[in-house]
Amino acid sequence: MQPKTILTLMLLFILSLSLAQEEGSPLRKGKKRRGGQRQGRNKQLRQRSSDVPIRLGNVPVTNADDSSPIFIQSYKSVDEFESNYNILPGKKGQCTYHGITMFENAVWSPKPCITCMCSKGNIACDEVKCTPLSCPITVKPTGECCPVCTDIVPDTPELSGDSSEPNDPSELGLGPPHAHADLEERRREEEEEQLKEEEEARQEEEERLRKKDEERKKRRKQKKLEEERQRQLFEERRREEEELREKVEEEEGERRRERQEEEQQRRRQEEEDRRNREQAEERERHRRLQEERRQEEERRRRIEEDWRELEEDREDSREEEEYDEDDLRGDVFRMPPRVPKPEGVPPLRPPAPENIPPYSTLPVGCMISDVTLSCNNAKLTGIPPLSVRGLKSLNLEGNAITTIPAEAFNGIPNLEWIDLSKNKITTAGIHPQAFKNLKNLKRLNMDGNLLDQIPSDLPSTLEEFKINENNLQSMDEDSLQDLSNLITLELEGNMLSEGNVSPLAFKPLKRLSYLRLGRNHFRTVPQGLPASLEELYIENNLIEEISETAFNHTKSLNIVVLRHNKIDESRIARLAWINHENLESIDLSHNKLYHVPSFLPKSLIHLVLVGNQIERIPGYVFAHMKPGLEYLYLSFNKLDNEGIDPVSFFGAYHSLVELFLDHNQMTAVPPGINEMRSLLSLRLNDNKIRHFEPEAICDPLNIEDLNIVTLRMDNNLIDTRNISPTAFSCIRSYSSVVLKPQKIK
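Note that the coordinates shown come from a computational prediction; the quantities given were computed from them, not determined experimentally.

## Re the overall build of the protein chain
Regarding its fold elements, the protein chain presents four helices and 25 strands. For the protein chain, buried positions account for 37% of its 745 residues. Taking the contacts inside the protein chain whose residues are at least 6 apart along the sequence as the reference set, 57% of them involve residues at least 24 apart. With the model as given, the accessible surface of the protein chain reaches about 44500 Å², and the carbon-plus-sulfur share is 49%.

What follows is the structure, encoded as structure tokens:
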């Protein structure tokens, strides 16, 4: 081989080696720079995780193009040695590099002196290891990976050997020192540029992280603002709902007050109309009596005038008549002719009638009819002196009588009824013998006087005694002595209590069946009630409990009225009345009940619980009753649907006739209504019922019609347009159903 050829080959080799080192240096440093373009650190990091091939040692070099895979049989055993780099995952049996799919065992060279292979979905790469050289001057031929020894001094820095070898010409004495200085300067520039790029990349990364953090803070702030806005909206909606609810409750309260005022006004009007009618009737009756009295006086006057004229004629005829001696016939005298008595004319001096007193003796304002004398509101200050033995009834109501003397009723001993109510009689003003001679007296009314004790020595024949609205402050064991025939006793509106009423006060009353003790100060049911008692009215007191012994001796009780007291269900003893066989009616309205009381009488038919605070009807509370409860009134309570169970009316389904659940808080028709086959009247008005199921009242499975005569569901929240056509199909007459008005617009 000629020396020129050898020299040319060596120069080409050194040039290629320098180029290879220049191109391979960025790859070893972990960066890639082409055409003067710079890439950020984030992009470099992503490329390192996806595009930079993994290096493996001891893999032969092949000079293959980046885009075309090369298959080499020697790489089939590449997984037999351990790699000193990470393995990038890929699809099973394939590898992806720069968006290009490499099949299993494909080999390619992405960079000079680096060879890669696809093995089981992973990319395995390796860089050629060069053997260290001991020669002073080395060059890297073009296209080769390792330098070779040479004795030719290179003219350009690109032909210099490995930086690890001592190739400074000044040190070796092989060339001028400026070539080495240029090489060092270039390296420093590259390092500075690299550091600058790394700093820029770091700053970009920090800027990106800062922006990301600001974006996160901004999103968090926006989220807090959104949450605050949602909370404000929720609070506003809640306030609006609360205001709407308060407004609705206020409107309901206003409507309730208006209804109550209207009801009170209606009642006052009815009461006034009733009083006006009574006054008109009383005036008409008084007018008729006055007219009858006037006519009777006129008739008597005419009769008396006729009688006087007749007597005058008779006197004249006697004076003119002369007796003739010839007319005498022995002992027989000729009698004067007898003038016939006119029909209907009373005798000249008629005897005083036994039953009817002379009208001239009646006090002003008194009227008599048959056997009744009425002097009510006649402004009398005392009992008028009368002598009419046939008089049976005396009415002295509404006068100013203060005393009853001993001889007050001597002229009328057959009286059976005396009404002394609404006077000013005191206990001291009644003589002990005032009523002693009245052997037939059965009814005595002394309501509305000033008595502080029950009068003594009352007739034993008395059957009815009323002494309401007085100032009675005590009753001892002798107060009702000898009144064994008394049936009705009324003591309402006094100052009586269990502290001033003796337990033996009612003992003489062997026949008493009707007792009224309302508007007193009893805290418990008084003791010693007669065994014959059938009706007890003890309303408007302070009663708080009903003990087991309250009705022990009153087994004949039929009606007990305890309304307007302070009873709650926990203060009613279990055995207070459950075993009573005749007790059919109990009125516990306007007390402090929260539940329908348990252990009610077995015989109960009529139960009134209006105006309590009842929230619940316990299950099976009516189950023990025989024959069964018929009338149940629960109006004006606090019942809702949670307080009524399917078994609440168990035992009363077959017997209930009237059920009043109006003015409560129910939102639906309570269960079991459609099973009450005897029900005649049902009230569900003035609740909060919005809608009800079609079978709530009429069960389609039961073909038998109900017997309801009255069904009220007005003043609820029902939209009548949405009522099912079959909702009232079992009711005999649709006119029995009241649905309007409702509380919705």
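## Quick look at the nonpolar core
Within the largest apolar cluster, 117 residues are counted, with the highest numbers of intra-cluster contacts made by Ile404, Phe409, Phe435, Trp577, Phe622, Met713 and Phe728. Setting aside its immediate chain neighbours within four residues, Phe409 contacts Ile383, Leu394, Ile404, Leu415, Ile418, Ala434, Phe435 and Leu438. Grouped together as the second largest cluster of nonpolar side chains are ten residues, Cys95, Tyr97, Cys116 and Cys118 included.

## Overview of the state of the cysteines
Under the counting rule described, the total for this entry stands at five disulfides. One disulfide bridge connects Cys95 with Cys118, the sulfur atoms lying 2.1 Å from each other. Its S-S torsion of about 80° marks the bond between Cys95 and Cys118 as right-handed, since a negative value means left-handed. Of the two residues, Cys95 is situated in strand 2 (residues 94-97) and Cys118 in strand 5 (residues 114-119); the sequence distance between them amounts to 23 residues. Cys118 matches Cys95 in its accessibility class, with the two residues each being buried.

## Looking at the environment of Met676
For Met676, the location among the structural elements is in the loop between strand 22 (658-660) and strand 23 (681-683). Separated by 21 residues in sequence, Met676 and Ile697 place their C-alpha atoms 9.2 Å apart.

## Brief notes about the pairing of strand 6 (residues 122-127)
Residues in a regular strand project their side chains so that they alternate between the two faces of the sheet. Burial within strand 6 is extensive, with five of its six residues counted as buried. In the sheet, strand 5 pairs with strand 6 via six bridges, with the strands oriented antiparallel. The residue bridging Cys116 from the neighbouring strand is Cys125, located in strand 6. Hairpin remark: strand 5 followed by strand 6, antiparallel, with two residues in the connecting loop; positive phi at Lys120, about 55°.

## Here's the deal with the packing of aromatic side chains
Tallied over the full model, the rule gives six aromatic pairs. With 5.2 Å between their ring centres and 65° between their planes, Tyr620 and Phe650 make a pair best called edge-to-face. Placement of the pair is Tyr620 in the loop between strand 20 (606-608) and strand 21 (631-633) and Phe650 in the loop between strand 21 and strand 22, with a sequence separation of 30 residues. For Phe650, a relative accessible area of 41% gives the class partly exposed. The ring of Tyr537 carries Arg516 above its face, with NZ or CZ at 4.2 Å from the centroid.

## So, the side chain of Gln742
On the secondary structure map, Gln742 appears in the segment after strand 25 (737-738). Among the polar contacts listed, one links the side chain of Gln742 to the backbone oxygen of Met713, at a separation of 3.0 Å. Within the structure, Gln742 has its side chain in polar contact with the backbone nitrogen of Leu717 (distance 3.5 Å). Non-local contacts of Gln742, meaning those with residues more than four positions away in its chain, are made with Met713, Asp714, Asn715, Asn716, Leu717, Ile718 and Thr720.

## Considering unusual backbone geometry
What you tend to see is this: most non-glycine residues have negative phi, and most peptide bonds are trans. With an omega of 5°, the peptide bond between Lys626 and Pro627 qualifies as cis. By the element assignment, Pro627 lies in the loop between strand 20 and strand 21. That bond from Lys740 to Pro741 is cis: its omega, 5°, falls within 30 degrees of zero. Tracing the sequence through the fold places Pro741 in the segment after strand 25. Of note in this structure, Asn377 is not a glycine but carries a positive phi near 55°. Along the chain, the position of Asn377 falls in the loop between strand 10 (372-374) and strand 11 (393-395). A relative accessible area of 56% places Asn377 in the exposed class. If you check the backbone angles, His590 has positive phi at about 60° while not being a glycine. Its place among the elements puts His590 in the loop between strand 19 (585-587) and strand 20.

## So, the pattern of salt bridges
Per the counting criterion, the structure on display carries 32 salt bridges. Across the pair Glu492 and Arg516 runs a salt bridge whose closest N-O atoms are separated by 2.8 Å. With Glu492 in the loop between strand 15 (488-490) and strand 16 (514-516) and Arg516 in strand 16, the pair connects residues that are 24 residues apart, well separated along the chain. Each member of the pair, Glu492 together with Arg516, is buried. In this structure, Arg516 engages Glu539 in a salt bridge whose closest nitrogen and oxygen atoms are separated by 3.3 Å. Taken together, the residues Arg516 in strand 16 and Glu539 in the loop between strand 17 (535-537) and strand 18 (559-561) connect sequence positions 23 residues apart.

About the cut-offs
Each residue is numbered by its place in its chain's sequence as written, counting from 1. Only residues with pLDDT of at least 70 get local features here, since the model is predicted, and only at 80 or more are side-chain atom pairs given and counted; chain-wide, interface and lining totals rely on the full set of residues. In computing side-chain values, all of the structure's heavy atoms are included and hydrogens and water are not. Secondary structure elements follow DSSP: runs of H or I of four or more residues count as helices, runs of E of two or more count as strands, with numbering from the N terminus. Residue exposure (1.4 Å probe, protein chains only): buried if accessible area is under 20% of the type maximum, exposed if over 50%, otherwise partly exposed. Between two residues, a contact is recorded if the distance between any of their heavy atoms is within 4.5 Å. Per-residue and other accessible areas follow the Shrake-Rupley method at a 1.4 Å probe size, with only the shown protein chains counted as cover for residues. Side-chain atoms within 4.5 Å link the members of a nonpolar core, which is a set of buried Ala, Val, Leu, Ile, Met, Phe, Trp, Tyr and Cys residues. Note that a disulfide, as used here, is simply two cysteine sulfur atoms within 2.5 Å. Two strands are counted as paired when DSSP detects at least two bridges linking them. Aromatic pairing here means that ring centres of Phe, Tyr or Trp (its six-membered ring) are within 6.5 Å. Orientation follows from the plane angle: under 30 degrees is stacked, over 60 is edge-to-face, and everything else is tilted. Only when the NZ of Lys or the CZ of Arg is both within 6 Å of the ring centre and within 35 degrees of the ring normal is a charge said to sit over the ring. Throughout this description, a polar contact denotes any pair of N or O atoms lying within 3.5 Å of each other; where both atoms belong to protein, one of them has to be capable of donating a hydrogen while the other can accept it, and for residues adjacent in sequence the pair is counted only when both atoms sit in side chains. In what follows, salt bridge is the name for a side-chain nitrogen of Lys or Arg lying within 4 Å of a carboxyl oxygen of Asp or Glu.

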